[in-house]
Amino acid sequence: MKIYFVGAGPGDKELITLKGHNVLSKADIVIYAGSLVNPELLDYCKEGCEVHNSAYMDLNEIIDVMERGVKEEKLVVRLQTGDFSIYGSVREQIEELDKRNIKYELIPGVSSFLGAASALNVEYTVPEISQSVIITRMEGRTPVPEKESLRSFAAHKTSMAIFLSVHSIADVVKELTEGGYEETTPCVVIYKATWPDQKVVKGKLFDIAEKVNEANIKKTALILVGDFLGDDYNYSKLYDKEFVHEYRNSSLDKERS
Ligand SMILES: C[S@@+](CC[C@H](N)C(=O)[O-])C[C@H]1O[C@@H](n2cnc3c(N)ncnc32)[C@H](O)[C@@H]1O
């Protein structure tokens, strides 16, 4: 037997992958991240499935439940929010499983920053506006390496998705503007993206903190910033009728042939 780590997606219970759903529906034991995973996903579990909320457990307790499950030849699922490769603490869990010679498989999920982009109808990589996305967070109780300060990233003025930081929105704005973004750069805060009670606050760097405080958003939100949220855009070369590539000739070539 092996442990399945499953990305639950950002909130909407249909945004789990088919593979993740298949494993979840067969699970004998599920350990889910109760502070962020939509509990409606547990509706997919079969009757009698043993459910643990990891919000109340430490790392050892989580691994102990996994180990017991494997010994009892049960199918164990570790259900985590979004995708566990982003602030998912998955590394420490698999290291512990390695120490105990327990096998595992990782089934990815839709991260909240991707769910947020769809909820807002935006593209992070708009041609000639921004071709890079920075995923980061503000330092909190968990330190951030000095070379990765928000201020230093702001110098690139590219698209940014900032996790785990909305409670310090005023400090985030200060770092971003002192680092290089114009105060008029568009900024959106999205709370519980794809959940039924999703909230979206739109503004610019100079007024977003005030708007977020008015909306009383203090957690489970992403701060998105960059000109990709603005009105300027360019069409991609990929679908330009004059742009020739491996699969398509230009319209001129078609006329000639
Ligand atoms: C510990 S991190 C986990 C991120 C997760 N692994 C992912 O891929 O989205 C928790 C943070 O992710 C962000 N987050 C998670 N789900 C969210 C959602 N549905 N809407 C907005 N932000 C979300 C918030 O910044 C939250 O504080």
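Residues numbered from 1 in each chain as written. Predicted model: local features only at pLDDT ≥ 70, side-chain atom pairs only at ≥ 80, totals over all residues. Heavy atoms only, no water.

Considerations on the overall build of the protein
The helix and strand inventory of the protein stands at 8 helices and 10 strands. The C-alpha extent of the protein, read off along each of the three principal axes, is 65 × 55 × 35 Å. In the protein, buried positions account for 45% of the 257 residues. Restricting the contact set of the protein to residue pairs at least 6 apart, pairs at least 24 apart contribute 66%. For the protein, the computed accessible surface area is about 14,500 Å², with 49% contributed by carbon and sulfur atoms. Positive and negative side-chain charges of the protein, numbering 31 and 41 respectively, have mean locations separated by a distance of 2 Å. (Helix = DSSP H or I, 4+ residues; strand = E, 2+ residues; numbered from the N terminus. Buried < 20%, exposed > 50% of the residue type's maximum accessible area, 1.4 Å probe, protein only. Contact = heavy atoms within 4.5 Å. Areas by Shrake-Rupley, 256 points an atom, 1.4 Å probe, with all protein chains shown as cover. Lys, Arg positive; Asp, Glu negative; His and termini not counted. Charge placed at Lys NZ, Arg CZ, Asp CG, Glu CD.)

Quick notes on the site of the ligand
Near the ligand, the surroundings consist of 18 residues, among which Ile 86, Ser 111, Ser 112, Ala 193 and Ala 221 are the closest. Within the backbone of Ile 86, one N or O atom sits 2.7 Å away from a nitrogen atom of the ligand. Contact distances for the ligand include 2.8 Å between an oxygen atom and a backbone N or O atom of Ala 221. Taking 560 Å² as the accessible area of the ligand by itself, protein coverage stands at 92%. Of the residues in the shell around the ligand, the class split is 11 nonpolar, 5 polar and 2 charged. Shared between two domains, the shell around the ligand holds at least three residues of each, these being domain 1 (2–110) and domain 2 (113–229). (Near = heavy atom within 4 Å. Polar contact = N/O pair within 3.5 Å; in protein donor to acceptor, adjacent residues only side chain to side chain. Nonpolar A, V, L, I, M, F, W, Y, C, P; charged D, E, K, R; others polar. Domains from an automatic or database assignment.)

Observations regarding the pattern of salt bridges
All told, the structure shown has 18 salt bridges when counted by the stated rule. Linking Lys 2 and Glu 105 is a salt bridge whose minimum nitrogen-to-oxygen distance equals 2.8 Å. In this pair, Lys 2 is assigned in strand β1 (residues 2–7) and Glu 105 in strand β5 (residues 103–107), connecting sequence segments 103 residues apart. Here Glu 105 makes a salt bridge to Lys 19, at a shortest N to O gap of 3.6 Å. With Glu 105 in strand β5 and Lys 19 in helix α1 (residues 18–26), the pair connects residues that are 86 residues apart, well separated along the chain. For Glu 105, a relative accessible area of 22% corresponds to the partly exposed category. Connected via shared salt-bridge partners are Glu 50, Arg 68, Glu 72 and Lys 74. (Salt bridge = Lys/Arg side-chain N within 4 Å of Asp/Glu carboxyl O.)

Some points on the UniProt feature "domain: Tetrapyrrole methylase" (unreviewed entry) in the protein
Mapped onto this numbering, the UniProt entry gives "domain: Tetrapyrrole methylase" (unreviewed entry) at residues 2–208. Counting secondary structure, residues 2–208 comes out at 28% helix and 22% strand; the distance between its end C-alpha atoms is 46 Å. (UniProt positions renumbered as here; feature names shortened; annotations may be inferred.)

Here we look at the sheet that holds strand β3 (residues 50–53)
Read across the open sheet, the 5 strands follow the order β3-β2-β4-β1-β5; overall the sheet is parallel. Each end of this open sheet is capped by a strand with a single partner; those strands are β3 and β5. Adjacent strand axes in the sheet meet at a mean angle of 20 degrees when their direction is disregarded. Taken together, the 5 bridges between β1 and strand β4 (residues 76–80) define a ladder with parallel strand orientation. Within the sheet, the bridge partner assigned to Val 6 lies in β4 and is Leu 79. Together, β1, β2 (29–32), β4 and β5 form the strand contacts of α1, whose direction differs from that of β5 by roughly 135 degrees. (Pairing = 2+ DSSP bridges. Axes fitted to C-alpha atoms, helices over the stretch in contact; angles between N-to-C directions.)

Some points on the environment of Thr 220
Structurally, Thr 220 can be placed in the loop between α7 (208–214) and β10 (221–225). According to the relative accessible area criterion, Thr 220 is partly exposed, its value standing at 31%. C-alpha of Thr 220 to C-alpha of Arg 91: the two residues are 129 residues apart in sequence and 22 Å apart in space. Among residues more than four places away in sequence, those in contact with Thr 220 are Leu 36, Ile 190, Tyr 191 and Lys 192.

With respect to the packing of aromatic side chains
Applying the stated criterion across every chain, the model contains 5 aromatic pairs. Where Phe 5 meets Phe 84, the ring centres are 6.5 Å apart and the plane angle is 75 degrees; that geometry is what we call edge-to-face. Of the two residues, Phe 5 is situated in strand β1 and Phe 84 in the loop between β4 and α3 (90–99); the sequence distance between them amounts to 79 residues. Phe 5 gets classed as buried once you look at its relative accessible area, which sits at 0%. Taken together, a centroid distance of 5.8 Å and an interplanar angle of 45 degrees make the contact between Phe 113 and Tyr 124 tilted. With a gap of 11 residues between them, Phe 113 in helix α4 (residues 112–120) and Tyr 124 in the loop between α4 and β6 (133–137) connect regions that are remote in the sequence. (Phe/Tyr/Trp six-rings, centres within 6.5 Å; stacked < 30°, edge-to-face > 60°.)

Remarks on the environment of Ser 236
Its place among the elements puts Ser 236 in the loop between β10 and α8 (251–256). Assessed through its relative accessible area of 31%, Ser 236 is described here as partly exposed. Between the C-alpha atom of Ser 236 and that of Glu 96, which follows or precedes it by 140 residues, the distance is 45 Å.

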